[in-house]
Amino acid sequence: MDIAQAKRKENIAEYILYLWQLEDLLRALQFSPEAIYSQLVAPRSVADEQKHIYLLWYMDIVNLLRKEGKEQSGHLEHTLHLIGDVHNLHLQLLQNPVGAHYRQTFARLAPQLPQLRAMIGRDEVSDTELAFRALYAAMLYRIKGDKKRSEAISDTIELISPVVAELAAMYGKVERGEVDLFKDM
């Protein structure tokens, strides 16, 4: 909860990837309140009432996963909507003067997108969601120690990371009112 809140304030991309990882972790714990408590809550050095709040937060995510029918796989609508918001920003940056630097960064990735779609196997998702899915897949490959798959997409990840990082930074600036997307139009 505290980590998620901090990531949400600091970096939308890290927040989304953190929640995806948390979804998979909760699935691995089979949504068991006892396992969630022992693995995710008990090790924290906080008061018992704060531990109870953490457990309730994790169980809220479990309930959302169940409600959305995503017990086995998939991502919460909340994160998919956030990716939609980030994708809308991507589209604005491709069109508006304030996105000049972003367009240069994205141009290096654009030629790789068809190959990336084939690797990820998701033709229906936006370029932005595709980038998030590739980053998450790479993270999972590294965690699992799958060097072959990790190396296969490492070059593309080097192109994706700057795009997502720039999008996340711009998202934060727009959200805080530091950047006007429509300035100089």
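Residues numbered from 1 in each chain as written. Predicted model: local features only at pLDDT ≥ 70, side-chain atom pairs only at ≥ 80, totals over all residues. Heavy atoms only, no water.

1. So, the environment of Val86
As a reminder, the rule being used: Secondary structure follows DSSP: runs of H or I at least 4 residues long count as helices, runs of E at least 2 residues long count as strands, and numbering of each begins at the N terminus. A 1.4 Å probe rolled over the protein chains alone gives each residue an accessible area, and that area as a share of the maximum for its type sets the label: buried under 20%, exposed over 50%, partly exposed in between. Any two residues whose heavy atoms approach within 4.5 Å are treated as being in contact.
Checked against the element boundaries, Val86 lands in helix H5 (residues 77-95). With relative accessibility at 2%, the residue Val86 sits in the buried group. Along the backbone, Val86 and Val164 are 78 residues apart, and their C-alpha atoms lie at a distance of 9.3 Å. For Val86, the residues in contact, after removing those within four places along its chain, are Ile12, Thr128, Phe132, Leu167 and Tyr171.

2. Structural notes on the nonpolar core
Put simply, the test is: We define a nonpolar core as any set of buried Ala, Val, Leu, Ile, Met, Phe, Trp, Tyr and Cys residues linked to one another through side-chain atoms lying within 4.5 Å.
Ranked by size, the top nonpolar core spans 57 residues in total, and within it Leu22, Leu26, Ile36, Tyr58, Phe132 and Ile160 carry the most contacts. Looking at this core, the elements with two or more residues in it are helix H2 (12-28), helix H3 (33-41), helix H4 (48-67), H5, helix H6 (100-109), helix H7 (113-120), helix H8 (127-144) and helix H10 (154-175). It is H2 that provides the largest number of residues to this core, a total of 10 residues. Beyond its immediate sequence surroundings of up to four residues, Ile160 is in contact with Leu109, Leu116, Ala131, Ala134 and Leu135.

3. A few points about unusual backbone geometry
Negative phi values dominate among residues other than glycine, just as trans dominates among peptide bonds. Phi at Gln30 takes a positive value of approximately 55 degrees, unusual for a residue other than glycine. Relative to the helices and strands, Gln30 is located in the loop between H2 and H3. With a relative accessible area of 67%, Gln30 lands in the exposed category. A positive phi angle, close to 60 degrees, is found at Phe31, a residue other than glycine. Examined against the element boundaries, Phe31 turns out to sit in the loop between H2 and H3. Given a relative accessible area of 7%, Phe31 falls into the buried group.

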